[in-house]
Amino acid sequence: MLHKIKHLPDLTYRQEDGREMRRVKLLLVWLAVGLIPITLVMGIVFWSLQLWVQGAIPLAYAGITSILLVHFIVTKDEAPMRWGQMIMIMLLPTSLMWMLGGFSAGSAMMIWSVLPPVAALVYAKFERAKYWFAAFIGLLFISAVIDHRVQTLAFDLPSWVGPLFFVMNLGFVTTALFMLFARTINEERESFRELDEKRAHLEAMQGDLIVARDEAEAGSRAKSQFLANISHEIRTPMNAIIGLSELTLRSDLNPKQQDYLTKIYLSANNMLQIINDLLDYSKVEAGKMVLEHSEIDLERVLSDLATIMAADIERKGLELLFDVSPDVPTKVMGDSLRLGQVLLNLTGNAKKFTSDGDIVVSLSCVERTESKMRARFAVKDSGIGITTDQQSGLFQPFAQGEAGTTRKVGGTGLGLAICKQLVDLMGGTIGLSSEIGKGSEFFFEVPFELATEDSEKTTTTGHENVLTGTKVLVVDDNENALEIISSQLEYFGLDVTKATGAIEAEALITSQDKSTPFTLALIDYRMPDVDGLTLANRVVNDLQLNSTPKLVLITAATRLFDEEPEELTQHIDATLTKPLNPSL
């Protein structure tokens, strides 16, 4: 029986009821369950004393409340129950008190029956509770005013009735207050229980996620292992195709055969590059990429980069420049192959998306101690640039700056992802900055240990350098190249003058010849109006100088220079190959 009464409030809940509404319904049910037996006892007591009217008041309350409770359970609508309780607990106890003779008759204890339900409704945040309290105070005031009139209704009650009502009221007040506090404690317990359930659920989810993560990583490793194996198997016959094609191209072929075989050779090389990208990516993903720790000659790395990129750069009419800070050590410890691979990927990307202008590869020292340094490499182009949206995912696998099947350049989209993975393995960071229409700069910083026998640049500036003060003219139409070469020469103490073309150079050489002539002139081979060879011949044959400077031709197209007739090259004292390193 008690178990059924305990779960009686559950019968009034709707599925959409929130916690606040459920608390209101719980209080209304327990209010009715508590008052019905008390008012029944009071009515029976009054009737046993033949006080029929007085007994009818609490019995009427018990009857009406029972009807409202049944309606409440059936309809789950709390409004009639709430309003009915408020009206009855305000009027019925007060009218009963008046019939028993008012305050002076000792019936003021009946007021106690009003306090618990009012407290319950306040606890339930009943929005009109303040008005009901005001009405209750008003009834007390009216009772005090008319008390002398209702005293005539007083009559003698048996001595046991007063204590009985006192105990009943006191017990009900205590029960009601206990119910309020118990409800608060139960809510806290429910909150803690819900938190424990949620914590357990989250822990279970975390366990499932860990299992799923491990399974996904295992699947990724298996995929990468398969990719590494299949890439290796494909690369072996591809090397044979490329090698035999190259050998055949050196034999006597008619033009059509030469064309067909050249296309096969180029296509095979492109496919081999894709396979190499896949193989490198799969190695890193499978955790099988191990970096070497050996001596790196940074100048050699840059020189190899220039050699590899020379043909493609020349074919597109671009210019590759090296801007190396003179304070960068020459020898460090690391993996020269993977460092060169990162630089080659970044420079190759710059070449793909640059149609004219230059590509500048720079190297500087960010910080340095006695045994370590942090170097910053950057590859800057004058290409099409990259949008902000494209930049966000550019270092992800298979992401490409130019999407779609109709894109102008090829590739797998793995190059930058491999660069990031390799830089991460080196303990460095990689990033980019770009502006549409103005070009992009990809940069990365990696730490190095200095080689034991660090062959730092020992050439000094100032009076110890035999070249200090030597007047040098640098002629180049490319502003970046002009600035880089001039800065490197100035670092070694040379007196550098810059010219952006042949006409300006002739004017400077002529004007300086009478006072402080130039000792050396570095002239770019390929300039738009007057090339370097023509300028050199004019300097020697036409300017009639008192002191002719030594003429050094700077060129990236050594093959073209070698094919020039001797009468054009005879006045060139030396040649330097672009891009220039400071050691040159």
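Below: a short report on this structure. (Residues numbered from 1 in each chain as written. Predicted model: local features only at pLDDT ≥ 70, side-chain atom pairs only at ≥ 80, totals over all residues. Heavy atoms only, no water.)

1. As for the overall build of the protein
In terms of regular secondary structure, the protein is built from 18 helices and 12 strands. Put simply, the protein has 584 residues, and 41% of those count as buried. Taking the intrachain contacts of the protein between residues at least 6 apart in sequence as the baseline, contacts between residues at least 24 apart amount to 71%. (Helix = DSSP H or I, 4+ residues; strand = E, 2+ residues; numbered from the N terminus. Buried < 20%, exposed > 50% of the residue type's maximum accessible area, 1.4 Å probe, protein only. Contact = heavy atoms within 4.5 Å.)

2. Thoughts on the pattern of salt bridges
Opposite charge on two side chains permits them to pair, given that their charged atoms come into close proximity. Evaluation of the coordinates by the stated rule reveals 18 salt bridges. Residue Glu197 pairs with Arg193 through a salt bridge whose shortest N-O separation is 2.9 Å. With Glu197 and Arg193 both in helix α8 (residues 161-249) and 4 residues apart, this pair spans about one turn of that helix. Residue Glu197 is classed as partly exposed on the basis of its relative accessible area, which comes to 45%. (Salt bridge = Lys/Arg side-chain N within 4 Å of Asp/Glu carboxyl O.)

3. A few points about the sheet that holds strand β11 (residues 550-555)
One open sheet holds the 5 strands; their spatial order is β9-β8-β10-β11-β12, and the pairing between them is parallel. Both outer strands of the open sheet, β9 (495-499) and β12 (574-577), are each paired with one neighbouring strand and no more. Across this sheet, the average inter-strand angle for adjacent strands is 20 degrees, counted without regard to direction. Relative to strand β10 (residues 520-524), strand β8 (residues 471-475) runs parallel, the two sharing 4 bridges. Counted as the bridge partner of Val475 is Ile523 from β10. Sheet contacts for helix α14 (residues 479-491): β8, β9, β10 and β11; angle to β9, the most-contacted strand, approximately 170 degrees. Here helix α15 (residues 502-513) sits on the sheet in contact with β8 and β9, set at roughly 140 degrees to β9. (Pairing = 2+ DSSP bridges. Axes fitted to C-alpha atoms, helices over the stretch in contact; angles between N-to-C directions.)

4. Re the packing of aromatic side chains
Counted according to the given criterion, the structure contains 4 aromatic pairs. Where Phe377 meets Phe444, the ring centres are 5.0 Å apart and the plane angle is 15 degrees; that geometry is what we call stacked. Note that Phe377 is positioned in strand β5 (residues 372-381) and Phe444 in strand β7 (residues 439-450), a separation of 67 residues in sequence. Exposure remark for Phe377: the relative accessible area of 1% places this residue in the buried category. Between Phe377 and Phe448, the aromatic rings sit 6.5 Å apart at their centres with planes inclined by 80 degrees, giving edge-to-face as the arrangement. Placement of the pair is Phe377 in strand β5 and Phe448 in strand β7, with a sequence separation of 71 residues. Like Phe448, Phe377 is buried. (Phe/Tyr/Trp six-rings, centres within 6.5 Å; stacked < 30°, edge-to-face > 60°.)

5. Quick look at the nonpolar core
Ranked by size, the top nonpolar core spans 47 residues in total, and within it Phe377, Phe444 and Phe448 carry the most contacts. Among the elements that make up this core, the one with the highest residue count is helix α10 (residues 298-315) (7 residues). With residues near it in sequence (within four places) discarded, Phe377 still touches Leu298, Leu339, Leu343, Ser362, Leu363, Phe442, Phe443, Phe444, Val446 and Phe448. Among the nonpolar cores identified, the runner-up in size contains 20 residues, and Ala505, Phe518, Leu533 and Leu545 belong to it. (Core = buried A, V, L, I, M, F, W, Y, C linked by side-chain atoms within 4.5 Å.)

6. Re the environment of Glu504
By the element assignment, Glu504 lies in helix α15. Taking the C-alpha atoms as reference, Glu504 lies 8.8 Å from Val475; in sequence the two are 29 residues apart. With residues near it in sequence (within four places) discarded, Glu504 still touches Lys498 and Ala499.

7. As for the pairing of strand β6 (residues 429-435)
Note on strand geometry: in a regular strand, side chains alternate between the two faces of the sheet. Bridge analysis of β6 against β7 gives 7 bridges, and the strand direction is antiparallel. The residue bridging Gly431 from the neighbouring strand is Phe443, located in β7.

8. A closer look at helix α11 (residues 336-352)
The first and last C-alpha atoms of α11 sit 24 Å apart over 17 residues, in line with the 24 Å expected at 1.5 Å per residue. By the criterion of burial, α11 is predominantly enclosed, with 12 of the 17 residues buried. The set of residues buried in α11 consists of Arg338, Leu339, Gln341, Val342, Leu343, Asn345, Leu346, Thr347, Gly348, Asn349, Ala350 and Lys351. The backbone nitrogen of Leu337 has a side-chain oxygen 3.1 Å away, supplied by the residue at the start of α11, namely Asp335. (Expected span 1.5 Å × (residues − 1). Polar contact = N/O pair within 3.5 Å; in protein donor to acceptor, adjacent residues only side chain to side chain.)

9. Digging into the packing of helix α2 (residues 19-48) against helix α3 (residues 52-75)
Look at α2 against α3: their axes get within 8 Å of each other, and the N-to-C directions meet at 155 degrees. In this view, α2 runs roughly antiparallel relative to α3, as classed from their interaxial angle. Like other packed secondary-structure pairs, α2 and α3 cross with a definite hand, here left-handed. Classifying every residue of the contact of α2 with α3 gives 18 nonpolar, 6 polar and 1 charged. (Parallel < 35°, antiparallel > 145°, perpendicular 65-115°, else oblique. Left-handed = near helix turned anticlockwise from the far one by under 90°. Nonpolar A, V, L, I, M, F, W, Y, C, P; charged D, E, K, R; others polar.)

10. Structural notes on helix α13 (residues 415-425)
Of all the 11 residues making up α13, 8 are buried; the element is thus mostly covered by neighbouring parts of the structure. Gly415, Leu416, Ala417, Ile418, Cys419, Gln421, Leu422 and Val423 are the residues of α13 that are buried. Phi turns positive, to about 85 degrees, at Gly427, one or two residues after α13.

11. Considering the packing of α15 against helix α16 (residues 532-541)
Between two packed helices, both the angle of their axes relative to each other and the distance between the axes serve to describe the pair. Interhelical geometry of α15 versus α16 gives an angle of 25 degrees and a closest axis separation of 11 Å. Judged by the inter-axis angle, α15 sits roughly parallel to α16. Considering how the two elements wind past one another, α15 and α16 form a crossing that is right-handed. Every residue of α16 that contacts α15 at Ala502, Ala505, Glu506 and Ile509 is listed here: Leu535, Arg538 and Val539.

Everything listed here is a matter of geometry and, on its own, says nothing about what the molecule does.
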